[in-house]
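# Coordinate inspection notes
For reference, the chains in residue letters:
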Amino acid sequence: RAHQTPGNFELKKRNMTLVDHYIAVIKRYSKDLLKLSNLIVADAFFATRTFYEGIHKHGFHLISRFRDNAHLCYIYEGERTGKPGRPKTKGEKINFKELDMSRMLPILVDGLPGKAYTLIAYSKAMKCQVRLVIWIMPDKKHKLFFSTDTSLTGEDVLEFYRTRFQIEFCFYDKYIVMQSKVRSIPDSQRLVRLLLTCTSHNNGQRPRSLSQSRRSLLFSHSLSESRLGTRSAYAFSRASRLAFESA
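What comes next is a walk through the structure. Fair warning: this is a prediction, and the values are worked out from it, not measured in the lab.

## Some details on the overall build of the protein
Looking only at helices and strands, one finds 9 helices and 11 strands in the protein. Every one of the 247 residues in the protein was classed for burial, and the buried ones make up 47%. For the protein, long-range pairs separated by at least 24 residues make up 59% of all intrachain contacts whose partners lie at least 6 apart in sequence. If you sum the accessible surface of the protein, you get close to 14,000 Å²; carbon and sulfur atoms cover 50% of it.

The structure is reproduced here in structure tokens:
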């Protein structure tokens, strides 16, 4: 099931933001969707407290990516003071240039260049604990993936997040097919423009190719049917220009 994202003019008429619209679509189908999965996979645009709380109250968890400079903290593991008040839950801020390896575990993903580590961390922006995956690429740059469902493993987070790119490839493949048949389809230019509206970040522009880091993440290895067969994930992003995609 798919819903096309309304444009800025339509959103203003409804007095809604793009995030509000996505939350409303998920709410509309929440009962049916929860029969299949409680996981929502979204790009970094949706890694906000507003979006997470909007879907969490309907029973969903979020899998997404933080900005590279996100404020994340280790979980406090010291002794309780016994003083009145809320117990301390977060420790010092994570320094991604000097990781404390004693607080995280390495994870192995076949074919994934660089190194990856996982831990439970506290997100200042999300105001909650998350299952965090830190991917250190060969050029020493890093990417941060997470799930609000801390029961997932780091490997699960990477595998589910990769479903985003697989869905976008379906849209791009459809675009290529339509381009190859441009002379045989009546009013083909209108159809191409319509498809571009549904696939591009900017209406009327050709879909941009994936970055090297995204290609590495996507093609590192195929999804494990034994691990994911009993649990589905829903993936969507601004790049697809669709409010929702369910598999």
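## Describing the pairing of strand β3 (residues 61-66)
Burial of β3 is extensive: 6 of the 6 residues sit out of reach of the surface. Two strands pair when backbone bridges link them, and strand β2 (residues 39-42) and β3 are joined in this way by 3 bridges, in the parallel orientation. Bridge pairing links I40 to L62 in β3. Viewed along the sheet, the connection from β2 through helix α4 (residues 49-56) into β3 turns out right-handed.

## Details of the packing of aromatic side chains
The final tally for this structure, using the stated rule, is 6 aromatic pairs. Judged by centre distance (4.8 Å) and plane angle (70°), the rings of Y22 and F46 are edge-to-face. Of this pair, Y22 sits in helix α2 (residues 18-28) while F46 sits in the loop between β2 and α4, and the two are 24 residues apart along the sequence. Taken together, the aromatic side chains of Y22, F45, F46 and F51 make up a single cluster linked through ring pairs.

## Remarks on the environment of F96
Within the element layout of this structure, F96 appears in the loop between β5 (90-93) and β6 (105-107). Classification of F96 as buried rests on a relative accessible area of 15%. Residues in contact with F96, not counting those within four places in the same chain, are D68, A70, L72, I134, H142 and L144.

## Thoughts on the nonpolar core
Counting 37 residues, the largest nonpolar core has F51, L62, F66, I94, L99, L132 and I134 as the members making the most contacts within it. Elements that contribute at least two residues to this core include exactly α2, β2, α4, β3, β4 (72-75), β7 (115-123), β8 (128-136) and β9 (142-147). Here the element with the most residues in this core is α2; it accounts for 6 residues. Filtering out sequence-adjacent residues up to four positions away, I94 remains in contact with L72, C73, Y74, L99, L119, A121 and L132. L39, V41, V157 and Y161 belong to the second largest nonpolar core, which has 16 residues in total.

## Observations regarding the pattern of salt bridges
Inspection of the entire model under this criterion finds 7 salt bridges. R65 serves as the salt-bridge partner of D68, at 3.8 Å between the closest nitrogen and oxygen. With relative accessibility at 32%, the residue D68 sits in the partly exposed group. Taking the shortest distance from any N to any O, the salt bridge between D68 and K143 comes out at 3.5 Å. Separated by 75 residues along the polypeptide, D68 in the loop between β3 and β4 and K143 in strand β9 bring together distant segments of the chain. Assessed through its relative accessible area of 18%, K143 is described here as buried. Residues joined by salt bridges that share partners form a network here, namely R65, D68 and K143.

## Regarding unusual backbone geometry
One non-glycine residue, N15, lies in the positive phi region at around 55°. If you trace the backbone, N15 turns up in the loop between α1 (8-13) and α2. By relative accessible area, N15 is classed as exposed at 71%. We note that K127 has phi near 60°; this positive angle belongs to a residue other than glycine. Summarising the element assignment, K127 is placed in the loop between β7 and β8.

## Notes on the packing of α2 against α4
Axis separation between α2 and α4 bottoms out at 9 Å; the angle between their running directions is 15°. In terms of axis orientation, α2 runs roughly parallel to α4. Seen along the crossing, α2 lies across α4 with a hand that is right-handed. Contact residues: α2 offers V19, Y22, I23 and I26, while α4 offers T50, F51, G54 and I55. Tallied by class, residues from the contact of α2 with α4 come to 6 nonpolar, 2 polar and no charged.

So, how was this worked out
- Residues numbered from 1 in each chain as written.
- Predicted model: local features only at pLDDT ≥ 70, side-chain atom pairs only at ≥ 80, totals over all residues.
- Heavy atoms only, no water.
- Helix = DSSP H or I, 4+ residues; strand = E, 2+ residues; numbered from the N terminus.
- Buried < 20%, exposed > 50% of the residue type's maximum accessible area, 1.4 Å probe, protein only.
- Contact = heavy atoms within 4.5 Å.
- Areas by Shrake-Rupley, 256 points an atom, 1.4 Å probe, with all protein chains shown as cover.
- Pairing = 2+ DSSP bridges.
- Right-handed = clockwise from strand over helix to strand, strands pointing away.
- Phe/Tyr/Trp six-rings, centres within 6.5 Å; stacked < 30°, edge-to-face > 60°.
- Core = buried A, V, L, I, M, F, W, Y, C linked by side-chain atoms within 4.5 Å.
- Salt bridge = Lys/Arg side-chain N within 4 Å of Asp/Glu carboxyl O.
- Axes fitted to C-alpha atoms, helices over the stretch in contact; angles between N-to-C directions.
- Parallel < 35°, antiparallel > 145°, perpendicular 65-115°, else oblique.
- Left-handed = near helix turned anticlockwise from the far one by under 90°.
- Nonpolar A, V, L, I, M, F, W, Y, C, P; charged D, E, K, R; others polar.

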